[in-house]
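Structure assessment
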Amino acid sequence: MAFFGNLMNNYFYGKSGKGDYRIEDMPQNRFQLFGAVLKTRWSAMVGVNLLYVLFWLPAAAWTLLNYITLVSGATENVSGLFSTYLLILIPLIALTGPFTAGATYVLRNWARDEHSFVWSDFWDAVKANWKQALVVSVISGLMPYMLFMGYTFYGTMASTKSFVFMIPLALLFLVFIVWKLSEMIIYTLMVTYDLKTKDLIRNAILLTVGNLPLAVGVKLLTLVFPIIAFVLLFFIPSIELPVILVFCLLYLIYIPAFNRLITCSYSNALCEKYLNSKIGAPTNIGLRPENWDDTEYRPEDDE
């Protein structure tokens, strides 16, 4: 029982007393930093994930219900099913915003190789950022619904009236994609800087568009597990049930936190390069200083 209790404490509160890197032991680049953080925090990330995924369960349950309805053939009005599904999904996704901010704060600190307590820091960040987080998550919930309605309307108009209606449809797709990419950085901006909501959204979009190839690459990296699952289901449909069960289990215990650690590492790099450098805040946090050979060593720094 004592072992189980200590394990749960590590998941939800983290480990105290961990010594800092000596300068010569610090990572030299962000890939090394990510690897070092993952090696140290991989078990504690389970606690973050369990806490975070809890607030996605309503959306997951609603999605599962609609999936069962679709595959069972219980309705012939597929368009109506999707419309209702996406409409009800809006408040369910909105619910997750404050808790995304909480998880992002913890994982942003870890991505810098700074300490953070899962339970207390998670809830502190939820309380501090819930208003802006709700605005962001409401937009995130609206985006799929607006895209579907736009596709239905403009697609119909393009096929029956004029091909020119494909232009607003393409613009709608572009807005959707940019927003989904901006989501990877907007919560890090939220928990790091004191910005008005309009400035928060503007900076997230500018940083994303200004680094579009990198943003696309990071997004694809976070989609590796769904892509693998889709490929397996497409080529080996007979293993559908095991693939779905393993996929759901991985998401329940680990993948969302792992993906958010990736996006926090990416966001930290952009914030430090484009924002911190302009306001005199620290940059390259967690990385070995470029002039470390010239740094005077003091034993008390290791205490």
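Here we summarise the structure given alongside this text. (Residues numbered from 1 in each chain as written. Predicted model: local features only at pLDDT ≥ 70, side-chain atom pairs only at ≥ 80, totals over all residues. Heavy atoms only, no water.)

Looking only at helices and strands, the protein features 13 helices and 0 strands. In sequence order, the secondary structure elements of the protein are arranged as α-α-α-α-α-α-α-α-α-α-α-α-α. Expressed as a percentage of the 303 residues in the protein, the buried residues total 40%. Partitioning the intrachain contacts of the protein with sequence separation of at least 6 by distance along the chain shows that 77% fall at a separation of at least 24. (Helix = DSSP H or I, 4+ residues; strand = E, 2+ residues; numbered from the N terminus. Buried < 20%, exposed > 50% of the residue type's maximum accessible area, 1.4 Å probe, protein only. Contact = heavy atoms within 4.5 Å.)

With 12 residues, helix α2 (residues 30–41) extends 16 Å from end C-alpha to end C-alpha; this agrees with the ideal 16 Å at 1.5 Å per step. Burial in α2 covers these residues: Leu33, Ala36, Val37 and Arg41. The buried residues of α2 occupy one face: seen down the axis, they fall within an arc of 110°. α2 presents Phe31 and Lys39 as exposed residues on the side facing more than 90 degrees away from its buried surface. Close packing links the buried residues of α2 with α3 (44–53), α6 (97–111) and α13 (255–279). (Expected span 1.5 Å × (residues − 1). Arc of directions from axis to C-beta.)

Let's shift gears to the side chain of Asn66. Within the secondary structure, Asn66 is located in helix α4 (residues 57–72). For Asn66, the side chain forms a polar contact with the main-chain oxygen of Trp62, separated by 2.7 Å. Leaving out residues up to four positions away in the same chain, Asn66 has contacts with Leu81 and Tyr85. (Polar contact = N/O pair within 3.5 Å; in protein donor to acceptor, adjacent residues only side chain to side chain.)

Attention now goes to the packing of aromatic side chains. Summed over the entire model, instances satisfying the criterion amount to 13 aromatic pairs. Ring centres of Phe82 and Phe148 lie 6.1 Å apart, and the angle between their planes is 35°; this geometry places the pair in the tilted category. One end of the pair, Phe82, is in helix α5 (residues 78–94); the other, Phe148, is in helix α7 (residues 118–160), and 66 residues separate them in sequence. A relative accessible area of 35% places Phe82 in the partly exposed class. Exposure remark for Phe148: the relative accessible area of 18% places this residue in the buried category. Relative to Phe235, the ring of Phe234 lies with its centre 5.0 Å away and its plane at 85°, an arrangement referred to as edge-to-face. (Phe/Tyr/Trp six-rings, centres within 6.5 Å; stacked < 30°, edge-to-face > 60°.)

We now examine the packing of helix α11 (residues 224–235) against helix α12 (residues 240–253). Relative orientation of the contacting elements α11 and α12 amounts to 170°, with a least axis distance of 10 Å. One element, α11, and the other, α12, form an angle in the roughly antiparallel class. Packed against α11, whose contacting residues are Phe225, Pro226, Ala229, Leu232 and Leu233, the element α12 presents Glu240, Val243, Phe247 and Tyr251 at the interface. For the contact of α11 with α12, the residue count by class is 8 nonpolar, no polar and 1 charged. (Axes fitted to C-alpha atoms, helices over the stretch in contact; angles between N-to-C directions. Parallel < 35°, antiparallel > 145°, perpendicular 65-115°, else oblique. Nonpolar A, V, L, I, M, F, W, Y, C, P; charged D, E, K, R; others polar.)

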